[in-house]
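Residue-level listing of the chains:
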Amino acid sequence: MIMATLHLFMALTLSPLLLGIINRTKALFAGRTGQPLLQLYYDLAKLLRKGAVYSRTTTWVFRAGPVIGLASVLMASALVPFGGRPSLLSFPGDFLVLACLLGLARFFTILAALDTGSSFEGMGASREAAFSALAEPALLLSLAAVALRSGRLSLSSMLVSPLAWGHLAPALWLVAAAVFVVLLAENARVPVDDPATHLELTMIHEVMVLDHSGPDLAFILYGAALKLWILGAVWVGIVAPFGGMNPWTGTLFALAAILGLAVFIGVIESLMARLRLSRIPPLLVGAGVCALLALLVARP
Amino acid sequence: MLIVLFSIGFLLATGVCARLFQRTAAGSTRIGAAGAAAGCAVGFMAGLRALLDGHVESLRLPWSIPYASFFIRLDALSAFFLCLIFGISALCALYGAEYLSVERDHETGGSWFFFNALVASMAMVVLAHNAVLFLIAWEMMSLASFFLVTSEDEDPAVRQAGRSYLIATHLGTTFLFALFVLLGRSTGTLDFDGFGAAAGAPSTLLFLLAVTGFGVKAGLVPFHVWLPEAHPAAPSHVSAVMSGVMIKTGIYGLVRIVPYLGWPSVSWGGLLIGLGSLSAVWGILQALSQQDIKRLLAYSSVENIGIITMGLGVWLLGVSLGSPALSLLGLAGALLHVLNHAVFKSLLFLGAGAVVRQSGTRRLDQMGGLLKRMPWTGAAFLIGAAAVSGLPPLNGFVSEFLIYLGAYRGILSLPGASHWPFIVVIAALALVGGLAALCFTKAFGVIFLGSPRRDREVSLHEVGPWMRWPMAILAASCAFLAVAAPWTMARLWPGLLGPLNDVVITALGFSAIALALAGARFWLLSGRSVETAATWGCGYPLPTSRMQYTASSFAQPIVSLFWLPLRLPNLYEPCWRVGERFLKRFRWLQHGRVQLYVLYIMVTLIVLMVWKLG
Amino acid sequence: MILQAIDTLVVLLILTNLLLLGTNRLNGCIRMIAFQGFLLGVLAIFLQTPGNPVHIFLLAAGSMILKGVVFPWLLSRALREAHVRREVDPFVGFTLSLIAGGAALAVAVSLGARLPLPEALGSTLVFPGALFMIFVGFFLIVSRRTALSQVLGYLVLENGIYLCGIALIHDEPVLIEMGVLLDVFVAVFIMGIMIFHIQREFDHIETDQLATLKDVEP
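Given the structure is predicted, the values throughout are model-derived calculations rather than measurements.

With that settled, the discussion passes to the overall build of chain A. From N to C terminus, chain A includes eleven helices and one strand. Helices and strands in chain A line up, N terminus first, as α-α-β-α-α-α-α-α-α-α-α-α. At 19 Å, chain A has a C-alpha radius of gyration in line with the 19 Å of a compact globule built from 300 residues. Counting only C-alpha atoms and orienting by the principal axes, one finds that chain A spans roughly 60 × 45 × 40 Å. Within chain A, buried positions represent 67% of all 300 residues.

What follows is the structure in structure tokens.
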């Protein structure tokens, strides 16, 4: 219980650091010094101090979007285990609640984007909805494979016990690859979406939040960082379960792993270009079929 | 029990009165709607009490028709469906009172007669425990809904829709006839009690007959072809009742009859899961490509029936593979989704009716920005849209959660060979969930958000109180049912309490956090400047409302991916054409002369007598 | 240990098939075929019962060279000389192809579980993997437009049949090897020549336009 609260506190405070690490890694690859590691914290503080400008076309749905988005991500962070210890709230089927809470955040972000009446936001919303519809089966089938292997139905039990993948190592790699693709898709990283671009032809997530300002934008940026932490923690839990270790050692190892994951994402972003939009659905469906294959291989 | 019978009788009586006193449209509306609402309210109370008490009451009166008896029984399943029928119909009747009042003066009496008859016959369907009584009520339900669908019959499209609906429903009823005849023959009685000992005809054949017959009414693929024609053609309150309640009588029939068919084999559950997943994916893909809001909602009903059928498939698999936990999750999920879908689909249809009435068009691409003019309708529609996408903290999520959990448990607890149906359930539910969110963000976003897409000024205003209150009550029910689920489910099935409790805790936690954040933002912005400006258009100097994303452009990425399933031709067309060519040869029998028709009757009578008596 | 290696190799083979279904570049497809040939050679070594190792190694090396080097070289030469577009253009679309691939995987595994196969197989994934490759080969032939892609589909089909063969028959691998290799060699050789000639004659190798060669009713 105490460890779970500590992990939640770590998630809440350290998640903006992940984005800083990714940006720093990309800068290093490009030969620049790059932004400070704590840049997102400064941005959030600045935004929280500002007022807001709302478009005349928008309604209360636009104002509700960031609030509901952040609230669902905050609730979801209470469900994710870290460092080999159970999370604050765990029950059979909690990964379904996690996936659907993220879906709720997405639903309201899309509606807030459509509320502005601008074609740019509509573009981003339409792409985002299409891609996430294809990514969800991949995530749920991968978690089915993990559940089958571990014999449990709660994230805290699935990712905690040391999973004896043993001779079923191929299944583990397939699941790790599938969940990683979903992580990249959900968090708008290359090769699915380029978070640094602001060309309307290439944006997906960036364009949906174009009209928000002030505290709303702070909520959205913080929510994005927290979502990266959540899915990163799930991925780390699948790949390197820390169950059986001393809780403090497990926490440290998991923290190192998630920071390493951020570096890895930064490396991928520097080495790959964003895929053409028409290539992203095959990528997501391919991840889904890999997850299906893992489910078939991972028989106990 | 008697109260329920009284309410059925009351409904029929007020329906007849409305038809008789139709000198003024307002008068007949008042009689019809008030009678419907009152009768339904009384019936709802009785049904709710029966559900919570847990008593089983029955009433048996002899009847002169051979093999028939007026045998009705009110057990938990019937009471559950009764609450559903009466509750939704009461609200739709109140809505219809205002919706119909500006329409056609001279026909409102007939419309209320058929509406009340529809509700009464649906109630009788779920009470009947004798096959003849069941079929009579079933037929009454089909006919009443046919007349309601063809209310606005100057439009040839409506007439065509009515025709295809009538043909489809009677074809389905034929299968039900065959089913009951076979069941009755093996046990010697047509009472549902007697079916319990059925061992005669191969039970798989009976199961297929049941799936076909009830599937036509429910709207399962491939029997769904009448649904997207008939539901949009009917007036909105009738569409709500049809989509929310009437197609569920098909599900009721399956749940009632299948236990009488003996021990289910694994292929039964597999068949239901296959048909269900096909309906779900097909329905939502078709819904995504629709431009007409009511057709979109009709296809979404096909999708949700698919989800319910998948739950029933999990139930049957649990029974046949000997896993009570699995069958509990499947059946509970399916029945809870029946209730949830009834609530949010009727809410969506009522909202769509309000929008269509006020804006004068059913096409999505001609609406826009209606949230500012119709705030209550919009808010209610938003809750319905979030519920149908299966999002927490609303009720759609709870039932899908149960079905998912059943599928996951199936994968964990059963041997590897039988994993396939559960994998299909998980993949289908996941895909459909995402696509439903896309579809309903499209619907809500294009209708209510942004700015109006038509330039001409329309006098749009919010609808009146009789139309607003039913929507508000349904929207509140979506939230209420989500939270009340553990409590109600625990009364019926104690094993579900654990998982549902946690889901409710998550939902409440989320709501608390959301309120806290909203408060925090209010506090943050309170001392600062909050201005309004035009939407940032990336520097484009002349934005117009026509530049917004339309419904078709919003759905285009997915629709273009799935073009192959969407462009499949109507597979029933060749069958109809062959049948027509064959039957054209017998045209000469229909020459119009009465004497020869009477001669036909005489000849048939003589032949029958000679055959049976000789 | 061997079981894990076999499983890993079969999973890699299945992944190459998925990539073939999803890749839009012909060069990438040819490279996948080469990789498949290489994997099949390695798999042949692992699947054989111990005994006569030299002859097994020779056969595996031979098939690896033929399928992994020679055929891809012939195919890329045909690709270069026929001046075709470097991109695949399927009838069905890549996403639907991948979904069909997933369904084919499901069917292959469930069918493979039902067939009464000899116990000595060890891994239960080999035969379904072979069935899956056969399905993918057929699908590629049916759903792609250019003649070159259809040749690739035919090669995948042959790879699948080969895998079936080495999975089931342990004692006479030479027979299968020879038969299949000869088959494929002739096919690729002839197809290579034909593609070259078709392209020279008609300036393209789009098969749906080749359909206009059929006889028209007088």
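That shown, we press on.
In this section: the packing of helix α12 (residues 293-320) of chain B against helix α15 (residues 395-413) of chain B. Residues and elements named next belong to chain B. Look at α12 against α15: their axes get within 10 Å of each other, and the N-to-C directions meet at 35°. In the crossing of α12 with α15, the sense of the turn from one axis to the other is left-handed. Of the residues in α15, those in contact with Ile 307, Met 310, Gly 311, Val 314 and Leu 317 of α12 are Glu 400, Ile 403, Gly 406, Ala 407 and Gly 410. Among the residues making up the contact of α12 with α15, the classes are represented as six nonpolar, three polar and one charged.

Quick look at the interface of chain A and chain B now. Taken together, the contact pairs 62 residues of chain A with 66 residues of chain B. Elements supplying a minimum of two residues to the side of chain A that touches chain B: β1 (52-55), α3 (60-77), α4 (94-115), α5 (119-150), α9 (215-239) and α11 (280-297) of chain A. The leading source of residues in the side of chain A that touches chain B is α5(A), at 17 residues. Examined bridge by bridge, β1(A) and strand β3 (residues 530-533) of chain B share four bridges and lie parallel to one another. Looking at β3(B), one finds that Val53(A) is bridged to Glu531(B).

Here the bond from Val190(A) into Pro191(A) is cis, since omega is 5°, no more than 30 degrees from zero. Mapping Pro191(A) onto the fold places it in the loop between α7 (169-186) and α8 (205-208). Pro222(B) follows Val221(B) through a cis peptide bond whose omega is 0°. Take Pro222(B): it is sitting in the loop between α8 (203-218) and α9 (227-233). Located in the positive-phi region is Ala188(A), a residue other than glycine, with phi close to 60°. The topology assignment puts Ala188(A) in the loop between α7 and α8.

What follows is about α5(A). Residue and element names in this part refer to chain A. Taking 1.5 Å of rise per residue, the 32 residues of α5 would be expected to cover 46 Å, and the 46 Å separating its terminal C-alpha atoms lies within 8% of that figure. For α5, the tally of buried residues reaches 32 of 32 residues, placing the bulk of the element in the interior. Phi turns positive, to about 75°, at Gly 151, one or two residues after α5.

The next point concerns helix α10 (residues 236-257) of chain B. Every α-helix carries 3.6 residues per turn, so stepping three or four residues along brings you back to the same face. Residues and elements named next belong to chain B. The end-to-end C-alpha separation of α10 is 31 Å, in line with the 32 Å expected for 22 residues at 1.5 Å each. At Met 242, α10 shows its maximal bend, which comes to roughly 35°. Among the 22 residues in α10, 22 count as buried, and that is most of the element.

What follows is about the interface of chain C and chain B. Residue-level contacts link seven residues of chain C with four residues of chain B. Partitioned by chemical class, the residues of the side of chain C that touches chain B number four nonpolar, three polar and no charged.

Moving on, we get to the environment of Ala196(A). Considering the arrangement of structural elements, one finds Ala196(A) in the loop between α7 and α8. Look at Ala196(A) and you get exposed, because 10 C-beta atoms sit within 10 Å.

Residue and element names in this part refer to chain B. Following the sequence through the fold, Leu 254 ends up in helix α10. Spatially, the C-alpha atom of Leu 254 lies 11 Å from that of Ile 308, the residues being 54 residues apart in sequence. What Leu 254 contacts, discounting residues up to four positions off in sequence, is Ala 210, Phe 214 and Leu 312.

On to the nonpolar core, then. Core analysis: the largest hydrophobic core is formed by 400 residues, its most contacted members being Ala291(A), Ala294(A) and Ala123(B). Looking at this core element by element, the count peaks at 21 residues for helix α16 (residues 420-448) of chain B. In contact with Ala294(A), not counting residues within four places along its chain, are Ser142(A), Ala145(A), Ala171(A), Leu174(A), Val175(A) and Ala178(A).

Right, let's talk about the pairing of strand β2 (residues 69-74) of chain B for a bit. Pairing of strand β1 (residues 57-62) of chain B with β2(B) involves six bridges; the strand directions are antiparallel. Counted as the bridge partner of Ser58(B) is Arg73(B) from β2(B).

Residue and element names in this part refer to chain A. Mapping Gly 34 onto the fold places it in the loop between α1 (2-29) and α2 (39-48). The class of Gly 34 is partly exposed, set by 16 C-beta atoms lying within 10 Å. C-alpha separation for the pair Gly 34 and Ala 224, spaced 190 residues apart in sequence, amounts to 21 Å. Sequence-distant contacts of Gly 34, defined by excluding residues within four places in its chain, comprise Asn 23, Arg 24, Ala 27 and Leu 28.

What counts, and where the lines are drawn
- Residues numbered from 1 in each chain as written.
- Chains lettered and ligands numbered in written order.
- Predicted model: local features only at pLDDT ≥ 70, side-chain atom pairs only at ≥ 80, totals over all residues.
- Helix = DSSP H or I, 4+ residues; strand = E, 2+ residues; numbered from the N terminus.
- Rg over C-alpha atoms; globule rule 2.2 N^0.38 Å.
- Buried ≥ 20, exposed ≤ 12 C-beta atoms within 10 Å, placed from the backbone.
- Axes fitted to C-alpha atoms, helices over the stretch in contact; angles between N-to-C directions.
- Left-handed = near helix turned anticlockwise from the far one by under 90°.
- Contact = placed C-beta atoms within 7 Å.
- Nonpolar A, V, L, I, M, F, W, Y, C, P; charged D, E, K, R; others polar.
- Pairing = 2+ DSSP bridges.
- Expected span 1.5 Å × (residues − 1).
- Bend = angle between axes of the 7 residues up to and from the residue.
- Core = buried A, V, L, I, M, F, W, Y, C linked by C-beta atoms within 7 Å.

Shape is all these values report; function is a separate question.
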